[in-house]
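The lines below spell out each chain.
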Amino acid sequence: MTQQEGHAPADPQAAMIAAVAADPRYGELVARRARLGWWLSAIIFIAFVGYLALIAFDKALLGMPIGDGVTSIGIPVGLGLILLAIALTGLYVAYANRHHDAQMAAILKDHGA
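These remarks concern the structure in this document. What you are looking at is a predicted structure, and each value in this text was computed from that prediction instead of being measured.

**Focus on the side chain of histidine 100**
Part 1: With respect to the helices and strands, histidine 100 occurs in helix α4 (residues 74–110).
Part 2: On the basis of relative accessibility, which here comes to 3%, the residue histidine 100 falls in the buried class.
Part 3: Setting aside chain neighbours within four positions, we find histidine 100 in contact with Leu29, Arg33, Leu36 and Tyr95.

Structure representation (structure tokens):
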């Protein structure tokens, strides 16, 4: 007998994967997670392109020393870009741990995992 005849597949793990994939809550979760990822990616992309635009169009601004020192403005701006990437990664991980993991656990529990 085959699955098409109304019987469960021989592999219970495959059956659970199929059931979870068919769950509308899972589809919503995947879409929400993807949207968050795209927004965070857009933020870092815009910041990086802005930094590159400053390098391309106003090198003098980035090359100006801070106060009487030898460190230029470009160093903290570049460091800020790196820290922004780290902060956005931390934000994503914290949000995913708090919301996405809990929602996925509830979906799996409802499907017998």
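From this point, the discussion proceeds with the structure in view.
**Describing the packing of helix α2 (residues 24–57) against α4**
In helix packing, the relevant descriptors are the interaxial angle and the interaxial distance, both defined with respect to the helix axes.
Part 1: Remark: α2 packs on α4, axes separated minimally by 11 Å, with the N-to-C direction vectors making an angle of 180°. Relative to α4, the element α2 lies roughly antiparallel.
Part 2: Of the residues in the contact of α2 with α4, the class split is 20 nonpolar, 4 polar and 4 charged.

**Details of α4**
Part 1: Between its first and last C-alpha, α4 extends 52 Å over 37 residues, near the 54 Å set by a 1.5 Å rise per residue.
Part 2: The largest bend along α4 measures about 40° and falls at alanine 96.
Part 3: Where α4 is buried, its residues contact α1 (12–22), α2 and α3 (59–63).
Part 4: Just downstream of α4, glycine 112 is the residue with a positive phi angle, here 85°.

**Comments concerning α2**
Part 1: Counted at 1.5 Å a residue, the expected span for α2 with its 34 residues is 50 Å, and the 48 Å between its end C-alpha atoms agrees.
Part 2: Among the residues of α2, those classed as buried are Leu29, Leu40 and Tyr51.
Part 3: The inward-facing, buried residues of α2 contact α3 and α4.
Part 4: Two to three positions downstream of the cap, the backbone nitrogen of arginine 25 sits 2.8 Å from a side-chain oxygen, assigning the N-cap of α2 to aspartate 23.

**Observations regarding the pattern of salt bridges**
Part 1: Applying the stated criterion across every chain yields a total of 2 salt bridges.
Part 2: Among the salt bridges present, the one from arginine 25 reaches aspartate 23, with a minimum N-O distance of 2.9 Å.
Part 3: Residue classification places arginine 25 among the partly exposed positions, given a relative accessible area of 33%.
Part 4: Note that arginine 25 is salt-bridged to aspartate 110, the shortest N-O span being 2.7 Å. Residue arginine 25 is found in helix α2, and its partner aspartate 110 is found in helix α4; the two are separated by 85 residues along the sequence.
Part 5: The exposure class assigned to aspartate 110 is exposed, which follows from its relative accessible area of 53%.

Cut-off values and rules
- Residues numbered from 1 in each chain as written.
- Predicted model: local features only at pLDDT ≥ 70, side-chain atom pairs only at ≥ 80, totals over all residues.
- Heavy atoms only, no water.
- Helix = DSSP H or I, 4+ residues; strand = E, 2+ residues; numbered from the N terminus.
- Buried < 20%, exposed > 50% of the residue type's maximum accessible area, 1.4 Å probe, protein only.
- Contact = heavy atoms within 4.5 Å.
- Axes fitted to C-alpha atoms, helices over the stretch in contact; angles between N-to-C directions.
- Parallel < 35°, antiparallel > 145°, perpendicular 65-115°, else oblique.
- Nonpolar A, V, L, I, M, F, W, Y, C, P; charged D, E, K, R; others polar.
- Expected span 1.5 Å × (residues − 1).
- Bend = angle between axes of the 7 residues up to and from the residue.
- Polar contact = N/O pair within 3.5 Å; in protein donor to acceptor, adjacent residues only side chain to side chain.
- Salt bridge = Lys/Arg side-chain N within 4 Å of Asp/Glu carboxyl O.

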